[in-house]
Amino acid sequence: MSDEIDLAKYTKLFVAEAREYLRTLNKAMVEFESRPDDTDMVEVMFRACHTDKGMAGMMNLTPISETAHALEDLLNSVRERKIKPEGEVAELIYRCLDTLEEMITSVERAEELSEVPGLNDDLRDAARGGRRRKKKKGAAVKAVREKTLKTSPPAKRTVLFIRFSRRCSFPAARSFVILKEVARAATIHGTVPSEEEIDKEHVFEELSITLEPEKGFDETVRRIASMLDIDEIKVGEEGVPVDRWKRIVAAKPSAPQAVDLPAAQTIKVGMNKLDELLDDVSELVIARSRLVEKTTSHDDRELTDITSHIDKLTSEIQAKVLGIRMIQIESVMARFPRMIRDIAKNQGKEIEFTVDGGSIELDRTVIDKISDPIMHVLRNCVDHGIESKKERKKTKKRIRGHIRVVASKQQDHVLIEISDDGRGIDYDTIREKAVDAGLLTREQADDALARDLMELLFHPGFSTKKEVSQVSGRGVGLDVVRRAVEDLGGSVMISSSKGAGTTFSLWLPFTLAIIDAMLVSIADQTYAVPMGMIAESHRFQTSEVKTIRTREVVQLRGEVIPLIRMRSFFGIPEANDRSTLSALVVQSRERRAALAVDDLMAHQQIVVKSLDDHLRRVRGVSGGTILGSGRIALILDVDSILEA
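First things first, this report covers the structure right here in the doc. Being a predicted model, the structure only gives us computed values, none of them experimental.

Let's talk about the overall build of the protein
The helix and strand inventory of the protein stands at 21 helices and 23 strands. The buried share of the protein, taken over its 644 residues, is 44%. Look at the contacts in the protein between residues 6 or more apart in sequence, and 69% of them connect residues 24 or more apart. When the accessible surface of the protein is split by element, carbon and sulfur atoms take 50% of a total near 35300 Å².

Written out as C-alpha cells, the structure reads:
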C-alpha cells in the first residue's frame with residue numbers, strides 16, 4: 001500500500017477532530033480513576049481511541065496510528081478486566097495521551113512526526129500485564145514467512161468484499177482506514193478499485209481486497225464490520241462462486257439504529273467565516289436602523305411596509321447568526337479535569353471536580369477569552385484553596401476536597417461561580433502581607449473592612465503564599481483575571497469564609513456583538529444603556545429627592561434607592577430649571593440605583609464596538625455604537641457607575 005497519499009487538505013479537520021477525542025479520553029480517564037467500577041467510561045475511552053487511530057490511519061500518520069493502536073490494546077485489556085488502570089498503568093496512559101497531543105500539534109505545525117522511543121512497547125507490555133514478549137522470535141518468524149512466500153507454490157488467495165452504505169459521504173477515506181486495518185493482519189495483493197482510483201476520490205460503493213490472511217485476520221474483519229457506513233461484508237476464496245462466500249454480520253450498536261432515519265446534515269465552518277458574517281450582519285443592523293429612522297419622516301405606506309419587512313428579516317438573520325456562534329461552557333471545562341488531577345497528584349491531594357450548568361451557551365468570542373482566567377482560578381483553588389490530606393483530617397473534613405463550577409443565567413449575563421471547600425481566605429494574613437508590601441499602614445490594615453482586604457487580592461503581585469511553587473498562590477495574577485473579565489464587559493467578585501472555602505463569581509455577557517439597549521440623552525449627547533441592566537424607568541419630582549449621609553436618594557414604592565445624576569458623574573454642570581427627573585432604575589446583582597438622565601429616547605438594538613485602548617479605562621463607559629443617523633453613542637458601564 002502506498003505511503004505517499006496526499007491528504008494535506010484534510011489536516012485542519014483531522015487536528016480539530018483528534019483533539020476533541022483526546023479531550024474525551026482525558027476526561028473519561030479522570031472520571032474512571034474516581035469511579036473504577038464504571039465500565040461505561042472504559043467503553044468511551046476505547047471508542048475514542050479507536051476513532052483517533054482510524055483517522056490517523058486515513059491520514060497516513062503512522063506514528064500517531066501506531067501509538068493509538070498500542071493504547072487501544074491496553075484499553076482493551078482494561079475493558080476485559082485483565083489489568084487495572086491505576087498506579088504506573090494510569091501514569092502510562094496519561095503519558096501516552098500527552099504524547100498524542102504533542103504529535104497532533106506537530107501535524108498542525110507541519111513538523112516531522114516520530115514515535116517516542118519505547119512508549120509503544122511499554123503500552124503493549126502493560127496490556128499483557130507487564131510481561132515482556134520475546135523479541136528474538138519476531139524477526140525470525142518474519143524472515144521465515146518472507147522466505148516461504150518466495151519459495152512455496154502460490155496458495156489460493158482470499159477476497160474481502162465490502163459494500164458501503166449510500167450515506168457514506170467519503171468512501172475513499174473510509175477505504176484507506178479499512179486498508180490500513182487489513183494490512184496489519186494480511187498481505188494485500190490488490191484492490192478494486194485500485195489504490196490510484198481511490199486516491200483520486202472516484203465515486204464507488206464497493207471495495208474488493210485480494211489478500212493472504214495472517215494471524216488476527218478474523219478479528220480484523222469483525223472490527224471492520226462494526227464500522228459506520230458499511231452495509232455488507234463477505235469473505236471467500238478466489239474462484240469460488242460469490243454465493244458460497246461467508247457473509248460477516250456487522251456488530252452494530254443496537255437494533256433501533258438500523259432503521260433508515262434521515263442522516264444529520266451538518267458541516268464544519270471556520271470561525272473566521274462566522275466572524276466575517278457577523279460583521280456583515282452588524283453593518284446590516286446599522287443600515288436597518290438608518291432606514292427605519294428615515295422612514296418615520298416620510299408618509300409613505302408602501303415604504304413603511306417594506307421597511308417593516310426588512311426590519312423583521314434582519315432581526316431573524318441576526319438571531320440565527322448569533323445562535324450559530326454560541327458554544328456551550330462545557331467546551332471550556334472539558335480541558336480542566338486532567339489539569340486539576342495532575343496538580344493534585346503532584347501535591348499529594350485528592351480532589352473531586354464537578355461542573356453544573358455546562359449546557360449554558362456563550363458567544364464564541366467570550367468563550368475564547370475566559371478560558372485562561374478560569375484556568376488560573378482553578379489552579380489556585382487546587383494549590384492554595386484545598387488543604388493537604390493531613391490538614392483536612394485534622395479539621396475533620398473529608399479527605400477528598402471538592403472544587404465546583406456552577407454556571408447560571410442572570411438577566412443578560414451568565415454567572416460562573418468557582419468554589420472550593422478549602423481553608424478559605426485568612427483576613428489577618430492579608431493584613432500582614434499588605435503592611436509588609438507597603439500597601440497599607442498598620443492603622444489602615446487594622447481598620448480595613450473585609451471587602452477592602454478582598455480588593456487587595458487583585459493588586460498586581462500581591463500573594464498570601466509563604467513559599468513559591470510551580471503553581472502561583474491565590475492573589476498572584478488575579479489582576480490579570482479581573483482585567484480579562486472586565487474587558488469583556490463583566491466583573492469578578494470573591495467571597496470567602498475561613499475554614500469553609502472560597503467562591504469566585506465571574507459575571508459575563510452572553511455576547512459581545514449585538515445587544516438591546518435604551519438610548520438616553522445626557523447634555524445633548526446620546527448614550528446607550530444595556531436593557532439587561534434596566535429594571536424600569538421612572539419620572540421623579542425634584543421634591544422627591546432626599547439626602548441621607550451626603551448621598552441623594554429617592555423612594556420608589558417604599559424602597560429607598562440611591563440617585564446618581566449622570567451629568568455630575570461625567571463632570572457636567574446640572575440643569576437647575578428642571579422640576580422633574582427622568583431616571584432609569586438599574587440593577588446589577590444585589591446593587592440597585594436610579595440613574596438620572598436628561599431624556600429617555602428610544603429602545604433599539606445596537607452593534608457593540610470596542611473602544612480604543614486609551615479609552616478602555618474611562619470610568620462609566622464600556623464601548624460604543626453607531627446609530628442609524630450615523631452618530632456615535634457611548635455605551636454606559638452600569639457596574640462601574642454603581643461602584644462610584
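Digging into the sheet that holds strand β4 (residues 230-237)
Spatial ordering of the open sheet is given by β2-β3-β1-β4-β5, a layout of 5 strands whose pairing is antiparallel. Looking at which strands have only one partner, the edges of the open sheet turn out to be β2 (186-192) and β5 (246-248). Put simply, the sheet's adjacent strands are angled 25° from each other on average, direction ignored. With 6 bridges joining them, β2 and strand β3 (residues 206-213) adopt antiparallel strand pairing. Paired with Val192 across the bridge in β3 is Ser208. In the packing of helix α9 (residues 217-225) onto the sheet, contacts are made with β1 (158-164), β2, β3, β4 and β5, and the angle to β4 comes to roughly 160°.

Concerning the nonpolar core
Of all hydrophobic cores here, the largest spans 70 residues; its most connected members are Phe14, Leu160 and Ile178. Among the elements that take part in this core, helix α4 (residues 88-108) stands out by supplying 11 residues, more than any other. If we ignore the near neighbours within four places in the chain, the residues touching Leu160 are Val182, Leu207, Ser208, Ile209, Leu211, Val221, Ile224, Ile233, Lys234 and Val235. Within the second largest apolar cluster, 49 residues are counted, among which are Met339, Val377, Phe458 and Phe462.

Structural notes on the side chain of Asp479
Inspection of the secondary structure assignment puts Asp479 in helix α19 (residues 478-487). Each residue touching Asp479, except ones within four places of it in the same chain, is listed here: Phe458 and Pro460.

Quick look at the sheet that holds strand β10 (residues 413-420)
The strand order across the open sheet built from 5 strands is β7-β9-β10-β12-β11, with neighbouring strands paired in mixed fashion. The open sheet terminates on both sides in strands that have one partner only, identified here as β7 (351-356) and β11 (491-497). The mean inter-strand angle of the sheet, taken between neighbouring strand axes irrespective of direction, is 15°. Inspection of the sheet shows β7 paired to strand β9 (residues 401-410) by 6 bridges, in the parallel sense. Bridging across to β9, Val355 finds its partner in Val405. With respect to the sheet, α19 is in contact with β11 and β12 (501-509), its orientation differing from that of β11 by roughly 135°.

Regarding a nonpolar patch on the surface
On the surface, a cluster of nonpolar side chains totalling about 220 Å² of accessible area is made up of Leu284, Leu313 and Ile317. Looking at the element boundaries, Leu284 is found in helix α10 (residues 271-295).

Quick notes on the packing of helix α2 (residues 39-58) against helix α7 (residues 171-183)
Axis separation between α2 and α7 bottoms out at 8 Å; the angle between their running directions is 105°. Classed by the angle they form, the pair α2 and α7 counts as roughly perpendicular. Seen from α2, the contacting residues are Lys53, Gly54, Gly57 and Met58; seen from α7, they are Ala173, Phe176, Val177, Lys180 and Glu181.

Overview of the pairing of strand β18 (residues 559-565)
Note that strand β17 (residues 551-556) and β18 share 4 bridges and pair antiparallel. Residue pairing across strands places Leu556 opposite Glu559, the latter belonging to β18. Linkage of β17 to β18, two consecutive antiparallel strands, is achieved through a turn of 2 residues, within which Arg557 is found at a positive phi near 50°. Bridge count for β18 against strand β20 (residues 591-597) is 3 bridges, and the pairing is parallel. Residue pairing across strands places Ile564 opposite Leu595, the latter belonging to β20.

Cut-off values and rules
Residues numbered from 1 in each chain as written. Predicted model: local features only at pLDDT ≥ 70, side-chain atom pairs only at ≥ 80, totals over all residues. Heavy atoms only, no water. Helix = DSSP H or I, 4+ residues; strand = E, 2+ residues; numbered from the N terminus. Buried < 20%, exposed > 50% of the residue type's maximum accessible area, 1.4 Å probe, protein only. Contact = heavy atoms within 4.5 Å. Areas by Shrake-Rupley, 256 points an atom, 1.4 Å probe, with all protein chains shown as cover. Pairing = 2+ DSSP bridges. Axes fitted to C-alpha atoms, helices over the stretch in contact; angles between N-to-C directions. Core = buried A, V, L, I, M, F, W, Y, C linked by side-chain atoms within 4.5 Å. Patch = residues over 30% accessible without salt bridge, like charges linked within 9 Å, V, L, I, M, F, W, Y side chains within 5 Å. Salt bridge = Lys/Arg side-chain N within 4 Å of Asp/Glu carboxyl O. Parallel < 35°, antiparallel > 145°, perpendicular 65-115°, else oblique.

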